[in-house]
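# Breakdown of the fold
One letter stands for each residue in the lines below.
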Amino acid sequence: MLNGERSIPRPLRWAMIGGGRLSQVGYKHRSGALRDNTAYRLVAGAFDIDAARGREFGVNLGVPAERCYDGYQQLLEQEANREDGVEVVTIATPNGTHYEITRAALNAGLHVICEKPLFFTTAEAREIKALAAEKGLIVGVTYGFSGHPLLMQMRAMIANGDIGEIRMVELQYTHGFNANESADTFEAQKWRVDPKIAGPSFVLGDISTHTFYISQLVMPDMKIASLLCDRQSFIPSRAPLEDNAMVLMHYENGAVGRMWASAVNAGAMDSQSIRVVGSLASLQWSDSTPGELRYEIQGRPNQTLHHGMPYLYDSALAEERLGALHTEGLAESWANIYLKFAIAISASQRGDRQALATLIYPDIDAGLEGVRWIENCVRSADNGATWVNYL
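Residues numbered from 1 in each chain as written. Predicted model: local features only at pLDDT ≥ 70, side-chain atom pairs only at ≥ 80, totals over all residues. Heavy atoms only, no water.

### Here we look at unusual backbone geometry
Following K116, the chain continues into P117 via a peptide bond in cis, with omega recorded as -15 degrees. Within the fold, P117 resides in the loop between β4 (111-114) and α6 (122-135). The residue after A239, namely P240, is reached through a cis peptide bond having omega 10 degrees. With respect to the element layout, P240 can be found in the loop between β7 (224-232) and β8 (244-251). Of note in the backbone geometry, N37 takes a positive phi value of approximately 60 degrees without being a glycine. Given the relative accessible area of 64%, N37 is considered exposed. Positioned with a positive phi, A385 is a non-glycine residue whose angle comes to about 55 degrees. (Helix = DSSP H or I, 4+ residues; strand = E, 2+ residues; numbered from the N terminus. Buried < 20%, exposed > 50% of the residue type's maximum accessible area, 1.4 Å probe, protein only.)

And the structure:
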């Protein structure tokens, strides 16, 4: 069972880079990390590009003023000189800064938890993977939706053969909050449509990587052989970044799949789903009803499996927080992910390779695969939406 009290001897000394008052993700990180009150203690931060605003924000969170730094370089330098300096840092800054900050943090001897997508290129991801291995440090990626317990149920059922051989995979993450150009005027949104900061994609990197990782989580043996990506900039000012994308996939075992990622699905709220169709049955999960897993067996009545119930596999019950009577939400999912990061970091600190090998969490390899996904989709789209071998 995920248990911070048993697996983590003491709270880790934690800092945030980014995630300040104007951040769209900062609260999610803090809510996830501090929910158990056993895994992390927020002791420092460089919360904002505006140092004064960041210091005020940090002090309001209870961080000492002298440990609210002007920038990440100052944080890394000064915390390294403290006996009680930070051990792990979360990077909740725009995409274009992830690589340089992650590299600097690892070189400073710190474990890293980073926003997705991890970097711009697989070359950067492989370099960081090698550096983390050399330093014996953990790099985690916040695919925050993947902590929902029923995704572990989905993984276990697929591994157990409950749906037979996988034939089709349908992935979707769409919303309508960027259906109009006016959305790009908000400070927290502007950088997401700037290639210099956001990288080579908008929705492929910003949201589809979440669902792609979930597909990897529940189907770890399914590898993509080739794909075709067609991406659009329905708001012309966003070009060359896409606000909508359709991806077709061929898997190595002969299965087929598709992904629809969109920020211009007008009228739709934040909506993510995965459906896996096998030769015997299908499984479907959506973040709009995260406490339910649809299990549809050919020729039998459909079933809705509910979180927290004793008929679930042990791996799903191990991540249960509230019990079947109460609704599990995104905050619990983030808490599960942050707890797994803490367990991994603690295992790394004590040299427990067995615990690290068996822990399922979004690590540097998951981040690398997310970057690989983006690169291949962009390559296909830029080649005129042609099929490309998955590199």
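### Remarks on the sheet that holds strand β10 (residues 271-278)
Spatial strand order, β13-β12-β11-β10-β6-β9-β8-β7-β14: 9 strands in an open sheet with mixed pairing. Pairing within the sheet leaves two strands with one partner each, and these edge strands are β13 (303-306) and β14 (388-389). Note that β7 and β8 share 8 bridges and pair antiparallel. Counterpart to S226 in the pairing with β8 is H250. Relative to strand β9 (residues 256-262), helix α10 (residues 203-218) is tilted by about 145 degrees, and along the sheet it contacts β6 (166-174), β7, β8, β9, β10 and β11 (281-286). In this fold helix α14 (residues 364-382) packs onto β7, β8, β9 and β14, with an angle of close to 60 degrees to the strand it touches most, β7. (Pairing = 2+ DSSP bridges. Contact = heavy atoms within 4.5 Å. Axes fitted to C-alpha atoms, helices over the stretch in contact; angles between N-to-C directions.)

### Points about helix α3 (residues 51-60)
Residues G54, F57 and G58 constitute the buried set of α3. All buried residues of α3 project into a common sector of 100 degrees when viewed along the axis, lining one side. Of the exposed residues in α3, those oriented more than 90 degrees away from the buried face are A52 and N60. If you check the start of α3, you find a side-chain oxygen 3.2 Å away from the backbone N of A52, and it comes from D50. Positioned one or two residues after α3, G62 has a phi angle of 100 degrees, which is positive. (Arc of directions from axis to C-beta. Polar contact = N/O pair within 3.5 Å; in protein donor to acceptor, adjacent residues only side chain to side chain.)

### Digging into the packing of α10 against α14
Contact geometry for α10 and α14: axes closest at 9 Å, N-to-C directions at 120 degrees. Relative to α14, the element α10 is oriented oblique. You can see that α10 and α14 cross each other, and the crossing is right-handed. In this structure, α10 uses L204, G205, S208, T209, F212, Y213 and Q216 to contact α14, whose residues at the interface are A366, E369, G370, W373, I374, C377 and V378. Partitioning the contact of α10 with α14 into residue classes produces 8 nonpolar, 5 polar and 1 charged. (Parallel < 35°, antiparallel > 145°, perpendicular 65-115°, else oblique. Left-handed = near helix turned anticlockwise from the far one by under 90°. Nonpolar A, V, L, I, M, F, W, Y, C, P; charged D, E, K, R; others polar.)

### Some words on the UniProt feature "domain: Gfo/Idh/MocA-like oxidoreductase C-terminal" (unreviewed entry) in the chain
Residues annotated by UniProt as "domain: Gfo/Idh/MocA-like oxidoreductase C-terminal" (unreviewed entry) correspond here to residues 155-388. Strand forms 25% of residues 155-388 and helix 33%; the C-alpha atoms that close the span are 28 Å apart. (UniProt positions renumbered as here; feature names shortened; annotations may be inferred.)

### A few points about the layout of surface pockets
Estimates place the volume of the largest pocket at around 1,300 Å³. Along its surface, the largest pocket is lined by 49 residues, and S23, Q24, A188, W191 and R192 are the ones closest to its centre. Looking at the lining of the largest pocket, the elements with two or more residues in it are β1 (12-18), α5 (98-107), α8 (187-190), α10 and α12 (330-349). Of the residues belonging to the lining of the largest pocket, the class tally is 21 nonpolar, 16 polar and 12 charged. Lining the second largest pocket are 23 residues, and of these Q216, L217, P220, K223 and E369 sit closest to its centre. Taken together, the elements giving at least two residues each to the lining of the second largest pocket come down to α10, β7 and α14. Here the lining of the second largest pocket takes 5 residues from α10, the largest share from any one element. Counted by class, the lining of the second largest pocket contains 14 nonpolar, 2 polar and 7 charged residues. (1 Å grid on protein atoms, 1.4 Å probe; cavity = no way out; pocket = protein on both sides within 12 Å on 5 of 7 lines; lining within 4 Å. Points joined across faces, edges and corners; volume = space filled by probe spheres on them.)

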